[in-house]
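Secondary and tertiary structure notes
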Amino acid sequence: MRRILVVGSSGAGKSTLAGDLARRLDLPLIHLDRHYWRPGWAAPTVDDFRAEVAALAARPAWVMDGNYASTLDLRLPRADLLVLCDTSRPRCLTRIVRRRWAHRAAPRPDLPEGCPERLDLDFLRYLWRFPRDSRPRVFAALAEHAPGLPVRRLRGRRDTARFLAGVGK
């Protein structure tokens, strides 16, 4: 495995898992949030972001975390493995509330400068609707752009621990 794509709901543990995988496999870590957001939570143009993601995906090795469905067509064909962090909504909600509290004064390492942790109604709606709206988009993109790509679906802490125990051995 030289290119691993990690997707899932906010609070599902994508960034933590991606960091663990990158360390265990000695691969470069790419947090897409750091490449997407500009200071003040400003979004780039679609074309600029797609060009940046295409360049990142073209690298020979990486662990990349982030959903960004509009770029799955660029990332899935390059990946060796797709990991879906499919954690329950209540667990994700608990984690993002804890994360918001933990990063109230210092920025998260997976976010760019000028983008403090936030928790608002739109973000909570996105989290709650992920299983209904975003998860099916991931599987549709997988079927269209990388139908033979292996998928590892992690539904919680035990699945994640078992998966990590077998990585790098």
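Before any of the text, the structure's been laid out above.
1. Some details on the overall build of the protein chain
Along its length, the protein chain carries seven helices and five strands. Counting helices and strands in the order they occur from the N terminus, the protein chain gives β-α-β-α-α-β-α-β-α-α-β-α. Relative to a compact globule of 169 residues, whose C-alpha radius of gyration would be 15 Å, the protein chain shows 15 Å and is just as compact. With the C-alpha coordinates aligned to their principal axes, the bounding extent of the protein chain is approximately 40 × 40 × 30 Å. In the protein chain, which comprises 169 residues, the proportion classed as buried is 42%. Of the contacts made within the protein chain by residues no fewer than 6 positions apart, 73% connect residues no fewer than 24 positions apart. Total accessible area computed for the protein chain in this model is approximately 9000 Å², and 53% of it derives from carbon and sulfur atoms.

2. Quick notes on the nonpolar core
L5, L32, W62, M64, L76, L82 and L149 are the most contacted members of the largest nonpolar core, which totals 26 residues. Those elements that provide at least two residues to this core are β1 (3–8), α2 (32–36), α3 (46–57), β3 (62–65), β4 (81–85) and α6 (121–145). Among the elements that line this core, the one with the most residues is α3, at four residues. Dropping the residues within four chain positions of it, L76 is found in contact with L5, L82, A141, L142, A146 and L149. Counting 22 residues, the second largest nonpolar core, distinct from the first, contains L27, V83, L127 and L154.

3. Section: the pattern of salt bridges
Inspection of the entire model under this criterion finds nine salt bridges. Where R153 meets D86, a salt bridge forms, and the shortest distance between an N and an O atom there is 2.7 Å. Note that R153 is positioned in strand β5 (residues 151–154) and D86 in the loop between β4 and α5 (89–102), a separation of 67 residues in sequence. Accessibility expressed as a relative area gives 30% for R153, which makes it partly exposed. Among the charged side chains, a network of salt bridges with common partners joins D86, R135 and R153.

4. Overview of the environment of P44
Note that P44 resides in the loop between α2 and α3. On the basis of relative accessible area, P44 is assigned to the buried category, the value being 14%. The contact partners of P44, leaving out residues within four places of it in the chain, are Y36, R38 and F49.

5. Quick notes on the state of the cysteines
In total, this model carries zero disulfides according to the counting rule given. Cysteine C85 is unpaired, with the sulfur of C92 as its nearest cysteine sulfur at 8.9 Å. A relative accessible area of 3% places C85 in the buried class.

6. With respect to the pairing of β4
Along β4, five of the five residues are buried, which leaves the element largely enclosed by surrounding structure. Along β4, one buried face is formed by L81, V83 and C85 and the opposite face, lined by L82 and L84, is buried too. Where β1 and β4 come together, five bridges link them in parallel fashion. Following the sheet pairing, V7 is matched in β4 by L84. With four bridges joining them, β4 and β5 adopt parallel strand pairing. Bridging from a neighbouring strand, V83 pairs with R152 of β5.

Rules and cut-offs
- Residues numbered from 1 in each chain as written.
- Predicted model: local features only at pLDDT ≥ 70, side-chain atom pairs only at ≥ 80, totals over all residues.
- Heavy atoms only, no water.
- Helix = DSSP H or I, 4+ residues; strand = E, 2+ residues; numbered from the N terminus.
- Rg over C-alpha atoms; globule rule 2.2 N^0.38 Å.
- Buried < 20%, exposed > 50% of the residue type's maximum accessible area, 1.4 Å probe, protein only.
- Contact = heavy atoms within 4.5 Å.
- Areas by Shrake-Rupley, 256 points an atom, 1.4 Å probe, with all protein chains shown as cover.
- Core = buried A, V, L, I, M, F, W, Y, C linked by side-chain atoms within 4.5 Å.
- Salt bridge = Lys/Arg side-chain N within 4 Å of Asp/Glu carboxyl O.
- Disulfide = S-S within 2.5 Å.
- Pairing = 2+ DSSP bridges.

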